[in-house]
Amino acid sequence: MTQWFVLYCREWLELVRSYKLIWVPIVFILLGASQPITTYFLPEILASAGNLPEGTTFEFPVPTAVEVLAQTLGQFGTLGVLVVALSSMGAISGERVSGTASMILVKPVSYGAFVTSKWAAMLTLSTISFAMGYGAAWYYTMALFEAVGWREVGGSLLLFALWLGFVGTLTILFSSLLRSAAAAAFSALAVSVLLSLSASMLPNAFAWSPGNLSKLAASFVMNHTAEGLWLVVLVTFCAMAAALTASAAVLRKRPSLDAA
Amino acid sequence: MMDQLTNTQLWTILGPVLALQLLLMIIALVVCIRTEETRGPRWMWVLIILFGNLIGSILFFIFGRKLAS
């Protein structure tokens, strides 16, 4: 356990050195804050965009506060997922190419501990960043629209953080399978897009799929509850555990890329 | 809506966001100038950060630096 903790601290040092601990939270906060603000100023933005006949008046249905939060989640679903995948893409492949991985793994360190320490650091970073970004969105929604209860916000936060963590886990898995970091990020993004697409096209056949998580988070903030939530959460946890096991197994087979 | 908003109110809404964006840009610039080696010419990254807004800084942090190995 102490050994695992040392590895985890090393990952934190890496997050600081690569400035991820600074830029990822800032990007999430900016993403979260911009959605309520743009929605609030949308009539003015359209009006000042010009080339409209004189005297045109807009009658926009003012979105409710929970709708704004759901839209923010949609924003995180595209750009946030992209940032998570891109920021953790080199987690294992980078260290394998540079030889750090083989240097650590000749020491009596288990492959599982090596992978899970990276995974835990990724999970901490993405969850903290997303919570800060969603908190900023919540703050601006409260200030510009109306109050939203903490239960809806908390529940949807946990669900969506799980989705981000799942995408990050996929990135780590592909990062141990593939040599190139960019290919790992691309594969993880492709799989996550396929999962969400299949879940929204065939909602009955894929009711269990982790691809439902972002949709569930949005429906949780709108309706206080989401159907079939626990099954999806359970499947996601199992899939994450399986991905980590597979990733450790791949690493055991090919600790360095020189042989491959 | 804009008519009822005074300038001060507008700035209390937008101020923190703009400040944060500026902060990110400054951090990216400092890192870009101080890092040993960038991927591609350094002046190109400075331009990308300055004119690319949020995206420019993100791109620099992800792709801009050569990993010290």
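In this numbering scheme, every chain counts its residues from 1 along its sequence in written order. Chain letters start at A and ligand numbers start at 1, both assigned in the order the entries are written. Confidence filtering applies because this is a predicted model: local features only for residues at pLDDT of at least 70, side-chain atom pairs given and counted only at 80 or more, and all residues used for totals across whole chains, interfaces and linings. Side-chain calculation: all heavy atoms of the structure are included, whereas hydrogens and water are not.

## Observations concerning the overall build of chain B
Note the threshold: Put simply, DSSP marks the helices as runs of H or I at least four residues long and the strands as runs of E at least two long, and each gets a number from the N terminus on. When accessible area is computed with a 1.4 Å probe and restricted to protein chains, residues below 20% of their type maximum are described as buried, those above 50% as exposed, and intermediate ones as partly exposed. The protein chains shown are the only cover counted for residues, whose accessible areas, like all others here, come from Shrake-Rupley with a 1.4 Å probe.
Of the regular secondary structure elements, chain B holds 3 helices and 0 strands. Listing the helices and strands of chain B from first to last along the sequence gives α-α-α. Of all 69 residues assigned to chain B, the portion counted as buried reaches 35%. In the form shown here, chain B has an accessible surface area of approximately 4600 Å², with 68% of it arising from carbon and sulfur atoms.

## Observations regarding unusual backbone geometry
One non-glycine residue with positive phi stands out, namely Tyr19 of chain A, at about 65 degrees. With respect to the element layout, Tyr19 of chain A can be found in the loop between helix H1 (2-17) and helix H2 (20-48). Positive phi, close to 55 degrees, is recorded for Asn53 of chain B, a residue that is not glycine. When you line up the elements, Asn53 of chain B lands in helix H3 (residues 53-64).

## Considerations on the UniProt feature "transmembrane region" (unreviewed entry) in chain A
For clarity, the cut-off: UniProt positions are given in the numbering used here, feature names are shortened, and annotations may be inferred rather than shown by experiment.
Feature annotation in UniProt assigns "transmembrane region" (unreviewed entry) to the following positions: residues 21-42, 76-98, 119-141, 153-174, 181-208 and 228-251 of chain A. As annotated, residues 153-174 of chain A has a helix share of 100% and a strand share of 0%, and its two end C-alpha atoms lie 32 Å apart.

## Considerations on the UniProt feature "transmembrane region" (unreviewed entry) in chain B
Residues and elements named next belong to chain B. Cross-referencing UniProt, the feature "transmembrane region" (unreviewed entry) maps to residues 12-31 and 43-63 in the present numbering. Within the segment residues 12-31, helix and strand shares are 100% and 0% respectively, and the terminal C-alpha atoms sit 29 Å apart. The distance separating the terminal C-alpha atoms of residues 43-63 is 15 Å; by composition the span is 95% helix and 0% strand.

## Looking at the pattern of salt bridges
Residue and element names in this part refer to chain A. What counts is decided by this rule: For this analysis, a salt bridge means a side-chain nitrogen from Lys or Arg found within 4 Å of a carboxyl oxygen belonging to Asp or Glu.
Taken as a whole, this structure holds 2 salt bridges over all chains when the rule is applied. Of the charged contacts in the structure, one is a salt bridge between Arg10 and Glu11, with a shortest N-O distance of 3.0 Å. A residue is classified by how much of its surface remains accessible, and Arg10, at 25% relative accessible area, is partly exposed. What makes Glu11 buried here is its relative accessible area of 8%. Two residues, Glu11 and Lys118, come together in a salt bridge whose shortest N-O distance is 2.8 Å. Of this pair, Glu11 sits in helix H1 while Lys118 sits in helix H6 (residues 111-144), and the two are 107 residues apart along the sequence. Beyond isolated ion pairs, a larger network of salt bridges with shared partners links Arg10, Glu11 and Lys118.

## Regarding the interface of chain B and chain A
How big an interface is tends to be stated in terms of accessible area lost as the parts join. To keep it simple, the criterion reads: In what follows, a contact means two residues having at least one pair of non-hydrogen atoms within 4.5 Å. Summed over both partners, the accessible area lost on bringing two parts together, with a 1.4 Å probe, is the buried area. Throughout this description, a polar contact denotes any pair of N or O atoms lying within 3.5 Å of each other; where both atoms belong to protein, one of them has to be capable of donating a hydrogen while the other can accept it, and for residues adjacent in sequence the pair is counted only when both atoms sit in side chains.
Between chain B and chain A, the residue contacts involve 21 residues of the former and 20 residues of the latter. A buried area of about 1900 Å², summed over both sides, lies between chain B and chain A, and 87% of it is on carbon and sulfur atoms. Between chain B and chain A we count 1 residue pair in polar contact (both at pLDDT 80 or more) in total. Of all the secondary structure elements, the ones that give two or more residues to the side of chain B that touches chain A are helix H1 (7-34) and H3 of chain B.

## Regarding the UniProt feature "domain: Cardiolipin synthase N-terminal" (unreviewed entry) in chain B
Residues annotated by UniProt as "domain: Cardiolipin synthase N-terminal" (unreviewed entry) correspond here to residues 24-65 of chain B. Counting secondary structure, residues 24-65 of chain B comes out at 79% helix and 0% strand; the distance between its end C-alpha atoms is 16 Å.

## Points about the side chain of Thr72 of chain A
All names here are of chain A. By the element assignment, Thr72 lies in helix H3 (residues 65-87). Given a relative accessible area of 0%, Thr72 falls into the buried group. Apart from the residues lying within four places of it in its own chain, the contact partners of Thr72 are Gly32, Gln35, Pro36 and Ala137.

## Considering the nonpolar core
Residue and element names in this part refer to chain A. Note the following rule: Among buried residues, the Ala, Val, Leu, Ile, Met, Phe, Trp, Tyr and Cys ones that are joined through side-chain atoms within 4.5 Å form a nonpolar core.
If you look at the biggest cluster of nonpolar residues, it comprises 95 residues, and the most contacted ones within it are Trp23, Phe130 and Tyr134. Of all the elements, H6 adds the most residues to this core, at 15 residues. What Phe130 contacts, discounting residues up to four positions off in sequence, is Phe28, Leu73, Phe76, Leu157, Phe160, Ala161 and Leu164.

## Quick notes on the packing of aromatic side chains
So the rule is basically this: Two aromatic rings from Phe, Tyr or Trp, using only the six-membered ring of Trp, form a pair when their centres are within 6.5 Å; if the ring planes differ by under 30 degrees the pair is stacked, by over 60 it is edge-to-face, and anything between is tilted.
The tally for this structure, following the rule as stated, stands at 16 aromatic pairs over all chains. Geometrically, the ring pair formed by Trp23 of chain A and Phe61 of chain B is stacked, given 5.7 Å between the ring centres and 10 degrees between the ring planes. With Trp23 of chain A in helix H2 and Phe61 of chain B in helix H3, this residue pair bridges two chains. For the pair Trp23 of chain A and Phe61 of chain B, one class covers both residues: buried. A connected cluster of aromatic rings, assembled from ring pairs, spans Tyr19 and Trp23 of chain A together with Trp45, Phe60 and Phe61 of chain B.

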